[in-house]
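# Observations on the three-dimensional arrangement
This is what each chain is made of:
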Amino acid sequence: MKKYFYITTTLPYVNDKPHIGFASEIVLADARARFEGSLGKEVVFNTGTDEHGAKIWQKAREEARDVQEYVDEYAAKFDELKKMLNLSYTNFIRTTDEKHLRAVREMWKRVDQNGYIYKKKYKIKYCIGCELEKTDSELIDGCCPLHPGKELEIIEEENYFFKFSAFQEKLLELYKDNPDFVIPQKRLNEISSFVERGLEDFSVSRLKEKMPWGVPVPGDDSQVMYVWFDALTNYISTLGWPDDKENFEKFWGTEENPNAVQIAGKDNLRQQSAMWQAMLIAADLPTSKQVFINGFIGVDGQKMSKSLGNVISPKEMVAKFGVDGTRYLLLTKGTFGEDSDISWEKLTGKYNSDLANGLGNLVSRVIVLSGDLDFKTSGSDSVFSEEDVKMMNKMNMDKILDNIWNIVREDNKYIEDRKPWELKKENQEEFEKVMKKLVSDLYHISQLLTPFMPETSEKIKKALETKERVILFEKIR
RNA sequence: CGCGGGGUAGAGCAGUCUGGCAGCUCGUCUGGCUCAUAACCAGGAGGUCGCGGGUUCAAAUCCCGCCCCCGCAACCA
């Protein structure tokens, strides 16, 4: 029976250039998608862009540009990542796509019909200095940190709310019945105790006159949907829901067999593993199967931020380390789910020792040594072990890669022990035996690398065929 | 306050569930090798496993107490 695999990243908000954290998220998703594909599954790998909201609208206005044109430009920038990082995503959904808008309206209607949407007046704190709404968490001593002297204005507004509070029990049940629902475990604990403490309904619309750049609320022209209803629904609108039921069930799954795997940064824990799941339940749809929560990337022990000037962008990384170098570094930056700390120095060190001196040098010496010997290399179908599959199911790709590098180390040692350059002169038969093992190891490595470093994998295979010397990774000085 | 996660060599981490020589990668020092990208291999130095107590023939691991760091209501990858 054909198996189907679905994975989706979060949708980045298009008000800035692609961020290294998102690059990490999408490369992990890509490796996972390619891995599952190699197991013979049909894969939908979804990503895209979140394009509605006040910030974008304001920015476009400031630059006196048409909003759609403005978001088109940014969406293209994110789509460029595909080439830049050699991504294999099958779907790129934009929240301004017609099929998405249709799905969002349907989602709203269903949740509304089930009685989980209601209208409520509430008070917003508004800072006159910033001309922006402020949430309590943004305030210091009850004041806007940027305008500490000014009183906040309290504005009353009527908006639609989602009855999040009605889903406490069901969410807790979901977490309890599926101990792997959120990976890593500690994030499941965190979200569980968050839900246990009680949930507050959240607002899902804004007044259109204040924020026109969004999806109109069905049946109420004065209101526009707020980010959650709109953006989160992309995970299913991308599959053609609600029109294409077959495709939806194949990939998103059913209530008995949920099939959707999501990956997100830790800042998105609540949105993905609680709010979105509650929305799905509210619309009588199956929940996700699993949500992977990635840690943050810091630079030299500090938060990456523009004001500190320590931002490392995916583009810069690719310029320095190449596509596969960047993929490797992002995939091995640390244990999945933990925060990690990078710096140009550390990245360069790892690149040089693992890629240039490690794998690259090994390929180079084996190719040269094997000279005109001709071995047939052929691969078995299942290159990955049970253990690998287990680790992949927890997104512990750094461990799988570490195991591959153990082969690299062993082979370097093996060459040292057997001294094939001497055998070549003294014992042709033994020489061929030694080289055969090395060549077949390299071929095996190239197969193992396919999901993680597709280009390198190909280059190794080609070098084994043509016997042409390759510098896979130029050493960086 | 409380809940959750963490503290192991200069750096980054594994090991803790199930007690049994404290391990891996990077860096560093010494030696070897010359096929290779000044790459590779071997050996060494470097640890009161956060602190204090307890159980045990034996504790990084189990028990008790304490200290420190991180996260915990919504733009956030």
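Residues numbered from 1 in each chain as written. Chains lettered and ligands numbered in written order. Predicted model: local features only at pLDDT ≥ 70, side-chain atom pairs only at ≥ 80, totals over all residues. Heavy atoms only, no water.

## Quick look at the pattern of salt bridges
Summed over all chains, the structure comprises 22 salt bridges. Between Glu36 and Lys41 there is a salt bridge, with its nearest N and O atoms 2.7 Å apart. Where Arg105 meets Glu98, a salt bridge forms, and the shortest distance between an N and an O atom there is 3.7 Å. Residues joined in a network through salt bridges with shared partners are Glu63, Arg65, Glu69 and Glu73. (Salt bridge = Lys/Arg side-chain N within 4 Å of Asp/Glu carboxyl O.)

## Structural notes on the nonpolar core
Counting 94 residues, the largest nonpolar core has Leu359, Trp405, Leu449 and Phe452 as the members making the most contacts within it. Once residues within four sequence positions are removed from consideration, Phe452 is found in contact with Ala31, Arg327, Leu331, Phe384, Met392, Met397, Ile400, Leu401 and Ile404. Counting 53 residues, the second largest nonpolar core, distinct from the first, contains Val111, Phe181, Phe194 and Ala282. (Core = buried A, V, L, I, M, F, W, Y, C linked by side-chain atoms within 4.5 Å. Buried < 20%, exposed > 50% of the residue type's maximum accessible area, 1.4 Å probe, protein only. Contact = heavy atoms within 4.5 Å.)

## Considerations on the sheet that holds strand β16 (residues 340–342)
Think of a sheet as strands paired side by side through backbone hydrogen bonds, with each pair either parallel or antiparallel. Strands sit in the order β15-β14-β16 across an open sheet of 3 strands; the sheet is mixed. In the strand order of this sheet, the two ends are held by β15 (302–303) and β16, each with one partner. (Pairing = 2+ DSSP bridges. Helix = DSSP H or I, 4+ residues; strand = E, 2+ residues; numbered from the N terminus.)

## Examining the packing of helix α13 (residues 344–370) against helix α15 (residues 397–418)
At a closest axis distance of 10 Å, the pairing of α13 and α15 adopts a crossing angle of 45 degrees. Of the possible angle classes, the one that applies to α13 and α15 is oblique. For the pair α13 and α15, the sense of crossing is left-handed. Contact residues: Asp354, Leu355, Gly358, Leu359, Leu362, Arg365, Val366 and Leu369 in α13; Trp405, Val408, Asp411, Asn412, Ile415 and Glu416 in α15. Partitioning the contact of α13 with α15 into residue classes produces 8 nonpolar, 2 polar and 4 charged. (Axes fitted to C-alpha atoms, helices over the stretch in contact; angles between N-to-C directions. Parallel < 35°, antiparallel > 145°, perpendicular 65-115°, else oblique. Left-handed = near helix turned anticlockwise from the far one by under 90°. Nonpolar A, V, L, I, M, F, W, Y, C, P; charged D, E, K, R; others polar.)

## What to know about the domain arrangement of chain A
Segmentation of chain A into domains returns domain 1 (4–295) and domain 2 (343–466). Measuring from the centre of the C-alpha atoms in domain 1 to the corresponding centre in domain 2 gives 42 Å. With 13 residues of domain 1 at the interface, the matching set in domain 2 holds 13 residues. Taken together, the two surfaces of domain 1 and domain 2 that pack against each other cover about 1,100 Å², and 72% of this comes from carbon and sulfur. The interface formed by domain 1 and domain 2 contains 0 salt bridges. (Domains from an automatic or database assignment. Buried area = accessible area lost by both parts, 1.4 Å probe.)

## Structural notes on the sheet that holds strand β13 (residues 290–294)
The strand order β3-β2-β1-β12-β13-β7 describes an open sheet built from 6 strands, whose pairing is parallel. Looking at which strands have only one partner, the edges of the open sheet turn out to be β3 (91–94) and β7 (182–183). Sheet topology note: the β7/β13 ladder contains 2 bridges and is parallel. Each residue of the ladder has a partner; that of Val182, found in β13, is Val291. The strands touched by helix α11 (residues 269–282) are β7, β12 (260–265) and β13; relative to β12, the strand with the most contacts, the crossing angle is about 140 degrees.

## Thoughts on the side chain of Arg206
Inspection of the secondary structure puts Arg206 in strand β9 (residues 205–207). Of note is the side chain of Arg206, whose polar atom sits 2.7 Å from the side chain of Ser203. (Polar contact = N/O pair within 3.5 Å; in protein donor to acceptor, adjacent residues only side chain to side chain.)

## Considerations on the pairing of β13
Across the 5 residues that make up β13, a large majority, 5, are buried. Covered by surrounding structure in β13 are Gln290, Phe292 and Asn294 together with Val291 and Ile293, the residues of both alternating faces. Two strands pair when backbone bridges link them, and β12 and β13 are joined in this way by 5 bridges, in the parallel orientation. Along β13, the bridge assignment pairs Gln262 with Val291. Tracing the backbone out of β12, into α11 and back to the parallel element β13 gives a crossover that is right-handed. (Right-handed = clockwise from strand over helix to strand, strands pointing away.)

## Quick look at the packing of aromatic side chains
Taken as a whole, this structure holds 26 aromatic pairs when the rule is applied. Both rings, one in Tyr116 and one in Phe167, keep their centres 4.7 Å apart while their planes meet at 55 degrees; by these two values the pair is tilted. Linking Tyr116 in the loop between α5 (98–113) and β4 (117–127) with Phe167 in the loop between β6 (153–162) and α6 (168–177), this pair joins segments that are 51 residues apart in sequence. Here Tyr116 falls in the partly exposed class, since its relative accessible area comes to 22%. The exposure class assigned to Phe167 is buried, which follows from its relative accessible area of 1%. Each member of the aromatic cluster is reached from another via a ring pair, and the members are Trp108, Tyr116, Tyr160, Phe162, Phe164, Phe167, Phe202 and Phe229. (Phe/Tyr/Trp six-rings, centres within 6.5 Å; stacked < 30°, edge-to-face > 60°.)

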